Structure formats: structure tokens, C-alpha cells
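Chain by chain, the residues run as shown.
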Amino acid sequence: MADTIRQEPDGHFMTALPFRNKDIVMPNNRTQAEGFANSLRKRLNKDSDLHEQYTKFMNDLEANGYAERVPDKEMVRADGRQWYVPHHGVFNPRKPGKIRVVYNCPAAHQGISINKLLLSGPDLTNRLSGVITRWRKEPVAVLADIQSMFYQVRVEEDDRDMLRYLWWPNGNLDNKLQDYRMCVHIFGAVSSPSCANFVLRKIATDCKNTKPKVAEAICHSFYVDDMLKSFATEVEAAEVSKDIQQTLQRGGFRLTKWLSNSRMVLRRFPSEDRAEPVKHLDIDVDSLPTERALGVQWNAETDQLGFSISMNDRWNVMTRRNLLSIICGVYDPMGMVAPFVMKAKIILQSLCQQKIGWDDDIPRQEAREWSRWTTELPKLKEVKLNRCMKSASIKNPTKIQFHHFADASEKGYGVVSYVRYIEGQEVHCSFLMAKARVRPLKQVTIPRLELTAAVTAVRVDCKLKSDWKTGDEEQQIDSHFWTDSSTVLKYIEMNPPFPHVCGQQSGRDQGSV
């Protein structure tokens with residue numbers, strides 16, 4: 001990618017597809033692509049709404065320059081570097097009426113697929129928990145989204161025939177299928193996330209000396225195409241946010257869907273650049289909305305995080321498969337309600353031990369416990385957590401401490417972590433993260449589970465410290481670990497676990513137990 005990247009006159013970057021082998025001769029899979037297209041034609045003929053949305057999406061690809069029709073003179077390549085990628089439509093249940101066409105890059109022909117030939121590249125995506133943790137550090141928060149991120153990075157001209165697809169001109173299913181090719185990196189290719197993030201990091205590197213705050217935000221505040229950033233003041237938030245948008249615009253990325261808990265920041269962006277719920281709001285009068293931030297519900301008006309629980313008929317179907325589905329539906333990356341979800345995990349583990357089938361009715365005892373749990377589940381909507389971990393009275397803390405509490409029982413173990421700010425006589429504590437795990441199916445002693453919880457606490461500490469710092473930040477954080485198990489304390493005194501658990505030397509950063 002570093003060898004092939006270049007910037008076009010209009011600002012967009014172009015990179016080659018990162019093939020494992022440059023000397024590729026592909027089999028002709030057009031017949032296979034026609035088979036996929038004929039199956040798609042049947043679906044579109046049965047569903048007029050799907051046909052309309054699909055056609056609009058494909059027409060927009062060509063209109064925006066993301067795709068082009070293959071000229072007749074370039075229909076056949078003598079070097080065999082051409083490949084047809086099947087495609088299908090995907091709907092997001094939270095965005096009804098909006099389709100995204102995804103390319104089936106794993107589809108193989110004669111044992112070959114485009115994804116098998118591409119390198120996935122380094123994982124340049126920030127850790128989700130880290131982005132959320134850093135977003136909670138300061139009082140002024142902003143959200144934004146890169147519009148069609150993958151499509152803003154172009155593919156080198158010689159590689160575009162490897163991304164051909166078949167479609168009917170103007171969506172007319174009575175017409176003959178025509179050859180098109182993508183000019184940009186596509187959804188479905190194993191290399192696309194790495195290529196897009198590589199370009200994003202390239203923009204940050206180029207502006208690091210002139211705009212360090214912008215570079216820091218680009219490197220540490222994005223999770224794929226979503227930006228979550230917090231600032232100490234409204235003035236800083238407004239200025240840096242605008243700088244980030246302009247810098248990315250010069251690199252071909254449009255940062256849009258802005259939302260903030262600060263009305264001053266929102267006024268800096270025209271209505272068309274704001275998030276949908278605030279486009280038509282009277283900023284000075286109306287309350288700010290609740291919006292999803294990496295899957296977490298954020299009320300911008302109260303600046304609190306919470307949960308949204310959707311009830312449906314499947315709650316009444318008590319099978320092991322359905323239980324697992326409902327548990328996974330409680331999205332909680334910070335572990336805010338880990339103790340509550342733990343109850344359901346214990347029920348599910350009991351069913352596994354009894355070897356209950358995935359679609360069998362569950363026993364009466366577990367059914368009663370599950371019924372009680374689902375009765376309480378809607379109450380998660382009442383759970384609220386302040387997004388900002390600082391209090392209004394603490395501006396520049398002189399000390400920051402992490403406190404980790406570890407415990408275990410015969411049913412499982414867990415860790416909860418808090419950050420403690422100290423500024424003069426002011427002290428403020430905030431919830432950071434929690435983890436809860438059921439015990440292994442193999443019988444384990446309570447002391448062993450207590451030790452497992454202690455090890456988990458140290459690992460959580462290492463993860464949080466890595467997530468906390470950005471760039472060259474040198475803020476000292478003292479860690480403190482708490483347990484009520486004398487066995488664990490004695491074991492640690494005899495066998496200090498920190499070096500091999502954390503991968504670093506024990507010392508002040510590891511704190512004390």
C-alpha cells in the first residue's frame with residue numbers, strides 16, 4: 001500500500017489491491033456470475049420495493065463515480081486479470097428502507113476467490129472499548145461519521161477489472177446483463193478495511209506537525225468510519241472538529257452526521273452536515289436527541305449513556321437457542337449491567353450441563369428463573385451512566401487512579417474497575433468497566449476462581465491503560481487491586497504475577513494489592 005498510494009487532483013487517494021501474488025491468471029467465472037444474477041433477478045421480480053431500492057443504489061454507484069461500465073474494447077483481457085464478483089442486498093434492521101449492496105468476495109470458482117488472493121493487511125482499527133473510554137474523558141462530546149468510507153479510496157486502474165460485476169442498465173430486468181467494474185474499494189473485500197484505514201492514517205501523518213490535535217483525533221478517535229471525540233472546552237471542540245472535517249475533506253473523506261452535547265459546536269456545522277435527528281431542530285429551544293454511539297444509547301441532552309431494549313414475541317419461546325439470542329442482544333461493551341446479564345449466562349450454562357438441545361423446551365426450574373430474568377429485562381431502560389467520567393468541579397486532576405475489585409463464587413467470577421480523580425481536596429470516582437464470567441464447566445475450586453478473577457483484574461488494568469493514553473500523553477496512572485481473598489493475597493506475595501500477565505516489569509504502574 002505504501003508503494004502504490006497516491007493522491008488524485010480531486011483529493012481522493014488511490015491504492016492498488018494488495019494481492020498475495022502479482023502474477024495472477026484468473027479462470028473465467030462469468031458463467032457463475034450470471035447464475036448469481038439470475039437468482040437475484042427472481043428476487044427482484046417478486047419484490048418491487050427491493051427492486052426499486054437496489055436499482056437506485058446501483059445507479060448511484062455509477063453516478064458518483066464509484067463504478068463504471070466496461071467499454072466494449074476492454075471486455076476481454078489477454079492477461080487473465082479479470083474477475084466477476086457476485087453481489088446481494090443487505091438491510092440494517094435499525095435503518096429500515098435503506099439497502100446496502102455487498103459484494104460476495106469469498107465466492108469461489110474452481111477453488112479460487114478474490115478474497116483468497118488478497119492480503120487482509122494489518123489491523124489498523126482502534127479497539128472499540130478504547131474509543132469509548134477516551135470519548136468519556138472530557139465534558140464536551142462529539143459524534144461524526146465518514147460518508148461511504150470505503151468508496152472514497154480508489155483502486156488503481158489496472159486492478160479494477162478484478163472487481164467486475166453484472167447488472168442490468170437502469171435496473172431494467174428485461175435488458176441484457178452488462179459488465180461493470182468498481183473503481184473503489186468495496187464492502188466484502190478482505191483488504192478494504194486495512195486500505196481505508198491506511199489512507200486515514202496517511203492523512204494524519206501528513207498533518208501531524210502542522211495540526212497535532214487533528215492528527216491525534218484521526219489516529220485515536222475513529223472506529224472504522226465512526227468518530228467519537230471529547231474535548232475539555234466548547235471552544236476547543238468547535239475549532240478542532242471543524243479542522244478535522246476540513247482536513248479529511250482534502251483527503252477525499254466527507255465527515256458528516258455531526259452530533260454534540262454542546263449547542264455551540266452544532267452551530268458550527270450546516271444542517272445538512274448534522275445527524276438526522278438534529279437537522280431540523282431549533283438548536284436553542286428543542287431538546288437534543290438520543291442517538292446510538294457505537295451501539296450505545298447516548299442522550300445528548302442529559303449527556304448520559306443507557307440501553308434500548310426491543311421486546312418481541314421470541315421472549316416467550318423458551319429454548320436454549322432463543323436464550324442465547326436474547327443474551328447476545330443485550331449490547332453492553334463496558335459491562336454496565338454485567339451482573340444482571342451474568343444471571344442469564346448461568347441459566348444457559350446449566351442447560352449446557354444438562355445437554356438440553358438447542359430447540360428443546362427447557363426444564364421447569366430454569367424456565368421459572370428465565371421468566372423472572374426477562375420480566376426484569378425491560379427495566380434496563382432505567383439504567384443511566386454519566387458519559388463524562390469527570391465531575392464539573394475537576395478540571396485538571398493532579399492524580400488519576402484505577403481501582404479494580406475482583407471476586408468470585410462457585411458460579412462465576414468478575415471484575416469491576418473505577419477511575420478516581422484527585423484535584424486538591426476534590427475527589428471524584430466514576431465507573432470504567434466491568435467483566436463477569438461463568439465458571440468453567442470443569443469443576444474448579446473457589447480459590448482457583450478467586451485467582452482467575454485477580455488475573456483478569458490485572459489484564460483489564462493493562463487494557464485500560466493502553467486505551468486511556470493517546471499520542472505522547474505521559475499522565476501517570478496509579479493502579480490499585482482489591483480482593484477479599486486471603487488465599488489470593490498470600491499466593492501473590494509468594495508468586496508475583498504481574499510481569500508475565502502484563503508483559504512488562506512490575507513496578508509502580510502495577511500498583512499494590
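Please refer to the structure placed before this passage.
Residues numbered from 1 in each chain as written. Predicted model: local features only at pLDDT ≥ 70, side-chain atom pairs only at ≥ 80, totals over all residues. Heavy atoms only, no water.

Turning our eyes to something else, we now look at the pattern of salt bridges. Counting across every chain of the model gives 28 salt bridges. Residue Lys390 is joined to Glu138 by a salt bridge in which the shortest nitrogen-to-oxygen separation is 3.2 Å. Highlighted residues: Lys390 in the loop between strand 16 (385-386) and strand 17 (399-408) and Glu138 in the loop between helix 4 (128-135) and strand 6 (140-146), separated in sequence by 252 residues. Look at Lys390 and you get buried, because its relative accessible area is 15%. For Asp461, the salt bridge identified is with Lys465, shortest N-O distance 3.7 Å. One end of the pair, Asp461, and the other, Lys465, are both in helix 12 (residues 446-468), four residues apart, so they sit about a helical turn from each other. By relative accessible area, Lys465 is classed as buried at 14%. Through salt bridges that share partners, Arg30, Glu34, Glu68, Glu74, Arg77, Asp79, Asp158, Asp161, Arg164, Asp179 and Arg181 make up one connected network. (Salt bridge = Lys/Arg side-chain N within 4 Å of Asp/Glu carboxyl O. Helix = DSSP H or I, 4+ residues; strand = E, 2+ residues; numbered from the N terminus. Buried < 20%, exposed > 50% of the residue type's maximum accessible area, 1.4 Å probe, protein only.)

With that settled, consider the side chain of Asp332. For Asp332, the location among the structural elements is in the loop between helix 9 (320-328) and helix 10 (338-353). The side chain of Asp332 is buried and forms no salt bridge, while Lys345, the nearest opposite charge, is found at 8.4 Å. Dropping the residues within four chain positions of it, Asp332 is found in contact with Phe307, Val337 and Ala338. (Lys, Arg positive; Asp, Glu negative; His and termini not counted. Contact = heavy atoms within 4.5 Å.)

A separate point is a positive patch on the surface. Taken together, the side chains of Lys95, Lys98, Arg100 and Lys257 define a basic patch exposed on the protein surface. On the secondary structure map, Lys95 appears in the loop between strand 4 (87-91) and strand 5 (99-103). Note on Lys95: relative accessible area 39%, which makes it partly exposed. (Patch = residues over 30% accessible without salt bridge, like charges linked within 9 Å, V, L, I, M, F, W, Y side chains within 5 Å. Areas by Shrake-Rupley, 256 points an atom, 1.4 Å probe, with all protein chains shown as cover. Charge placed at Lys NZ, Arg CZ, Asp CG, Glu CD.)

This part takes up the environment of Thr55. Here Thr55 is to be found in helix 2 (residues 48-63). Relative accessible area serves as the criterion here: at 11%, Thr55 is assigned to the buried category. C-alpha separation for the pair Thr55 and Lys98, spaced 43 residues apart in sequence, amounts to 12 Å. Those residues in contact with Thr55 that sit more than four places away from it in its chain are Trp167, Asn170 and Gly171.

What the four strands build is an open sheet, ordered 10-11-6-12; its pairing is antiparallel. The sheet is open, and its two edges are formed by strand 10 (222-223) and strand 12 (255-260), each paired on a single side. By the bridge criterion, two bridges tie strand 10 to strand 11 (residues 226-231) in an arrangement that is antiparallel. Paired with Tyr223 across the two strands is Asp226, which belongs to strand 11. (Pairing = 2+ DSSP bridges.)

This part is about the packing of helix 10 against helix 11 (residues 364-376). Running from N to C, helix 10 and helix 11 point in directions that differ by 155°, and their axes come no closer than 10 Å. What the angle tells us is that helix 10 and helix 11 run roughly antiparallel. Pair helix 10 / helix 11 crosses with left-handed handedness. Across from Phe340, Val341, Lys343, Ala344, Ile347, Ser350 and Leu351 in helix 10, the residues of helix 11 making contact are Glu366, Glu369, Trp370, Trp373 and Glu376. (Axes fitted to C-alpha atoms, helices over the stretch in contact; angles between N-to-C directions. Parallel < 35°, antiparallel > 145°, perpendicular 65-115°, else oblique. Left-handed = near helix turned anticlockwise from the far one by under 90°.)

A few words now on unusual backbone geometry. Phi is positive for Asn170, which is not a glycine, with a value near 60°. Residue position: Asn170 is located in the loop between strand 8 (164-167) and strand 9 (178-182). The exposure class assigned to Asn170 is exposed, which follows from its relative accessible area of 62%. Residue Val224 is not a glycine yet carries a positive backbone phi of 60°. Topologically, Val224 is positioned in the loop between strand 10 and strand 11.

Reading across from one edge, 13-14-15-16 is the order of the four strands in this open sheet, with antiparallel pairing throughout. Each edge of the open sheet is held by one strand with a lone partner, namely strand 13 (290-293) and strand 16. Where strand 13 and strand 14 (residues 296-299) come together, four bridges link them in antiparallel fashion. Within the sheet, the bridge partner assigned to Ala293 lies in strand 14 and is Val296.

We now examine the environment of Trp298. Position of Trp298 among the secondary structure elements: in strand 14. For Trp298, a relative accessible area of 0% puts it in the buried group. Spatially, the C-alpha atoms of Trp298 and Leu385 are 9.6 Å apart, while their sequence positions differ by 87 residues.

As a packed pair, helix 9 and helix 10 sit with axes 10 Å apart at the nearest point and diverge in direction by 155°. In terms of orientation, helix 9 and helix 10 fall into the roughly antiparallel class. Where helix 9 crosses over helix 10, the two elements pack in a sense that is left-handed. Of the residues in helix 10, those touching helix 9 at Arg320, Leu323, Leu324 and Ile327 are Val341, Ala344, Lys345, Ile347, Leu348, Leu351 and Cys352.

Another point: the packing of aromatic side chains. All chains considered together, the criterion is met by 16 aromatic pairs. With 5.0 Å between their ring centres and 40° between their planes, Tyr66 and Tyr151 make a pair best called tilted. Here Tyr66 is found in the loop between helix 2 and strand 3 (67-69), whereas its partner Tyr151 is found in the loop between strand 6 and strand 7 (153-155), with 85 residues between them in sequence. Both residues of the pair, Tyr66 and Tyr151, belong to the buried class. With a centroid separation of 6.2 Å and an interplanar angle of 85°, the aromatic rings of Tyr418 and Phe431 are classed as edge-to-face. A residue pair is termed long-range when its members are at least 10 positions apart, and Tyr418 in strand 18 (residues 412-423) and Phe431 in strand 19 (residues 426-438) qualify at 13 residues. (Phe/Tyr/Trp six-rings, centres within 6.5 Å; stacked < 30°, edge-to-face > 60°.)

Let us look at a nonpolar patch on the surface. Together, Phe405, Tyr418 and Trp482 line one region of the surface with nonpolar side chains, adding up to about 300 Å² of accessible area. Structurally, Trp482 can be placed in strand 20 (residues 477-482). Overall, Trp482 belongs to the partly exposed group, its relative accessible area being 44%.

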